[in-house]
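# Structural features, examined
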Amino acid sequence: EIPRVTGVQTCALPISTVYTTLGHEAMLHGLTETETTVLFLDWGQYSILKDKVLANCPDLKTIVFIGKSFVPLETEGGAAPVPAFPTIEEVGQMTLGGTTMTTFDALCAAGNKMELDLSPYAPKQDDNAFIMYTSGSTGMPKGVLLTHKNFVSLVAGTLHQGTIETTPADVFVAFLPLAHILELMLEVCMLTTGAQIAYAHARTVTPTSPYVPSDKPDNCDLLEVRPTIMVAVPSVLELIKNGLSMKLAKLPGLKGKLVRAAVNKAQDLPAGEGCCASCVLSLGVGGILLKKVRAQLGLDRLRVIGSGGAPLSAQTQDYVRAVLAPVAQGYGATETTGCSTVQECLPSHGRPKDMSSGTVGAIMPACEIKLKSVEEMSYMISDNPPRGEILIGGNTVSQQGYFKMPDKSREDFPVHADGKVWFHTGDIGVMNTNGTISIIDRKKDLIKLSGGEYVSLGKVEATLKQVSGIGAVVVFARADKDHCVAIVSQPERGWASVGGKPDEADRKS
């Protein structure tokens, strides 16, 4: 996927991104609002989107089919989930209004026959590089205007900070979508330093992923790749933690007791498996046992894990750090080209490693952060330590705001008295004494119930995710009601994959 991105950037053409998971309405919104003329489309999505989305895009001139590697050569037990990838002759016979269709291979072949000097088309630093759509969690997705200066500043700042510092010997496992600014930044960082990228899939990445057969847990991407660097959203790390905990709980005999005791001791907890296990561990075999646990997950070479996209619970971070590898939690938004802070979980440039939990780390070199008092929530910069809404400025922040949304752009990206554009995140943070940031609340996530009580929906969701059996949850509230409603979805692999349904006692707690 990266060659397509870098090739388009070389020609100074802005790239727009939309998530297929947002639904047809949101996809159509992004494609028509940006007046997209060229679309790179996964072949498996064509029949799904043809009539409801693609046929309603009047500006669409060319569709380039990708995803050939995801079409199975052979199938067992039924028809192929995706039709055979079309030849260029077959594509030429397809019709969709006035849209021309081709394949990525054919596009590359045609380009190799052309002799064209691209230097006159080279982008300038303030040219738009992306119209990157947000996830749409608060309504219709908004397209954020990001320049080449924004993106280069982000990559340069990440490499300079040194936490995610790579060499040609590193192997990065990539399974997040490139429509997400975090994944795009990471893959470009890997290419810049010569690290290797191994492409995986979110549905097959871990032994407990939904598309990995339960009787063949070794058929997962991590065991195939054995990465040295991994970056995931918290739900994936929680999946790894819960899957590992369940597996270890079922280990029989002395071996099971020793491994569970070693995991507990790594977290500075009581061994909890009896005197015999404690005596054996006192001989110094705990590290060997943990290494074998990591090897069974394909993570024996892992030296750092990054987490972003949502808050990571301190409980999960402590567990993953103790058992698998140091965890660098980051914080940012599409509006700030991704990362604005990163926890320095490894020593960097003479600075000691940060092994705390519940913080999102230090400010990135390419941006600035300040706090603004939120009086209605009693968060004041005069508090000790200072608390308030997090505002982000600097070279990584969009200077134009949202595409075709001038009013919303002025609201979220105001120009302050210092002449700089500051993005108002809506997140409430505290500035710790060591210079790191902790996220403690959400201004835009706050709802006032009929009884006058303010409730942070995100905080309630984060708490519920710690209940055994809850893998995914959404909390909803209305201002005319005195309570919240939580919707818990059944995991793809069934309740057994997360330890069973949450019982009545857990729900009441």
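Quick look at the structure, then. Worth saying up front: this structure is predicted, and the values here are computed from it rather than measured.

### Observations regarding the sheet that holds strand E1 (residues 15-17)
Either a parallel or an antiparallel arrangement is found when strands of a sheet pair, and the pairing is made through backbone hydrogen bonds. What the three strands build is an open sheet, ordered E1-E5-E6; its pairing is mixed. Lying at the two open borders of the sheet, with one neighbouring strand each, are E1 and strand E6 (143-147). Between one strand axis and the next, the sheet turns by 15° as a mean value, whatever way the strands run. Note: E1 against strand E5 (residues 128-133), three bridges, orientation parallel. The partner of serine 16 across the bridge, within E5, is isoleucine 131.

### Description of the packing of aromatic side chains
With the rule as written, the count across this model stands at eight aromatic pairs. Between the aromatic rings of tyrosine 46 and phenylalanine 65, the centroid separation amounts to 5.2 Å while the plane-to-plane angle is 80°, which identifies the pairing as edge-to-face. Highlighted residues: tyrosine 46 in helix H3 (residues 43-49) and phenylalanine 65 in strand E3 (residues 62-66), separated in sequence by 19 residues. Judged by relative accessible area, tyrosine 46 falls into the buried class, the value being 7%. Given a relative accessible area of 1%, phenylalanine 65 falls into the buried group. Clustering of aromatic rings is evident, with ring pairs tying together Trp43, Tyr46, Phe65 and Phe85. The lysine or arginine in question, lysine 142, covers the ring of tyrosine 402, its NZ or CZ lying 5.3 Å from the ring centre.

### Here's the deal with the pattern of salt bridges
Side chains carrying opposite charge are able to pair once their charged atoms draw close together. All chains considered together, the criterion is met by 14 salt bridges. One salt bridge in this structure joins glutamate 344 and arginine 351, with 2.8 Å as the shortest N-O distance. In this structure, the salt-bridge partner of lysine 420 is glutamate 368, at a minimum N-O distance of 2.9 Å. Highlighted residues: lysine 420 in the loop between helix H13 (406-412) and strand E16 (423-431) and glutamate 368 in strand E14 (residues 367-372), separated in sequence by 52 residues. Given a relative accessible area of 34%, lysine 420 falls into the partly exposed group. By relative accessible area, which is 32% here, glutamate 368 ends up partly exposed. Several salt bridges share partner residues, and in doing so they unite Lys408, Glu411 and Asp412 into one network.

### Observations concerning the pairing of E16
Burial of E16 is extensive: eight of the nine residues sit out of reach of the surface. Here E16 runs beside strand E17 (residues 437-442); their pairing, made up of five bridges, is antiparallel. Within E17, the residue paired with methionine 431 across the bridge is isoleucine 437. Between E16 and the antiparallel strand that follows it, E17, lie five residues; glycine 435 among them carries a positive phi value of about 90°.

### Brief notes about the sheet that holds E14
An order of E14-E15-E16-E17 is seen for the four strands of this open sheet, with the pairing classed as antiparallel. Only two strands of the sheet have a single neighbouring strand rather than two, namely E14 and E17. This sheet shows a mean twist of 50° between the axes of neighbouring strands, independent of strand direction. Both E14 and strand E15 (residues 387-394) contribute to a ladder of six bridges, which runs antiparallel. Across the sheet, glutamate 368 pairs through a bridge with glycine 393, a residue of E15.

### Some remarks on unusual backbone geometry
In this structure, the amide linkage connecting asparagine 384 to the following residue, proline 385, adopts the cis form with an omega of 0°. Considering the arrangement of structural elements, one finds proline 385 in the loop between E14 and E15. Unusually for a residue other than glycine, glutamate 35 sits at a positive phi of about 55°. Among the secondary structure elements, glutamate 35 is positioned in the loop between helix H2 (24-33) and strand E2 (38-42). Positive phi is not limited to glycine here, since histidine 349 has a value of about 50°.

### Section: the nonpolar core
Counting residues in hydrophobic clusters, the biggest one holds 84 residues, and the most contacted among them are Phe175, Met185 and Met230. Here the element with the most residues in this core is helix H7 (residues 181-193); it accounts for eight residues. Residue contacts for methionine 185: discarding those within four places in its chain leaves Phe151, Leu154, Val155, Thr158 and Cys339. Core analysis: the next-biggest nonpolar cluster, separate from the first, contains 19 residues, Met27, Ile63, Val82 and Leu96 among them.

### Concerning the pairing of strand E12 (residues 338-342)
Here E12 lies mainly inside the structure; five of its five residues are buried. Pairing analysis gives four bridges linking strand E11 (residues 327-333) to E12, with the strands arranged antiparallel. Bridge assignment links glycine 332 to a residue of E12, and that residue is cysteine 339. Adjacent in sequence and paired antiparallel, E11 and E12 are bridged by four residues, among which threonine 337 carries a positive phi angle near 55°. With two bridges joining them, E12 and strand E13 (residues 362-363) adopt antiparallel strand pairing. In the sheet register, valine 342 faces E13, and the bridge partner there is alanine 362.

Definitions and cut-offs
Residues numbered from 1 in each chain as written. Predicted model: local features only at pLDDT ≥ 70, side-chain atom pairs only at ≥ 80, totals over all residues. Heavy atoms only, no water. Pairing = 2+ DSSP bridges. Helix = DSSP H or I, 4+ residues; strand = E, 2+ residues; numbered from the N terminus. Axes fitted to C-alpha atoms, helices over the stretch in contact; angles between N-to-C directions. Phe/Tyr/Trp six-rings, centres within 6.5 Å; stacked < 30°, edge-to-face > 60°. Buried < 20%, exposed > 50% of the residue type's maximum accessible area, 1.4 Å probe, protein only. Lys NZ or Arg CZ within 6 Å of the ring centre and 35° of its normal. Salt bridge = Lys/Arg side-chain N within 4 Å of Asp/Glu carboxyl O. Core = buried A, V, L, I, M, F, W, Y, C linked by side-chain atoms within 4.5 Å. Contact = heavy atoms within 4.5 Å.

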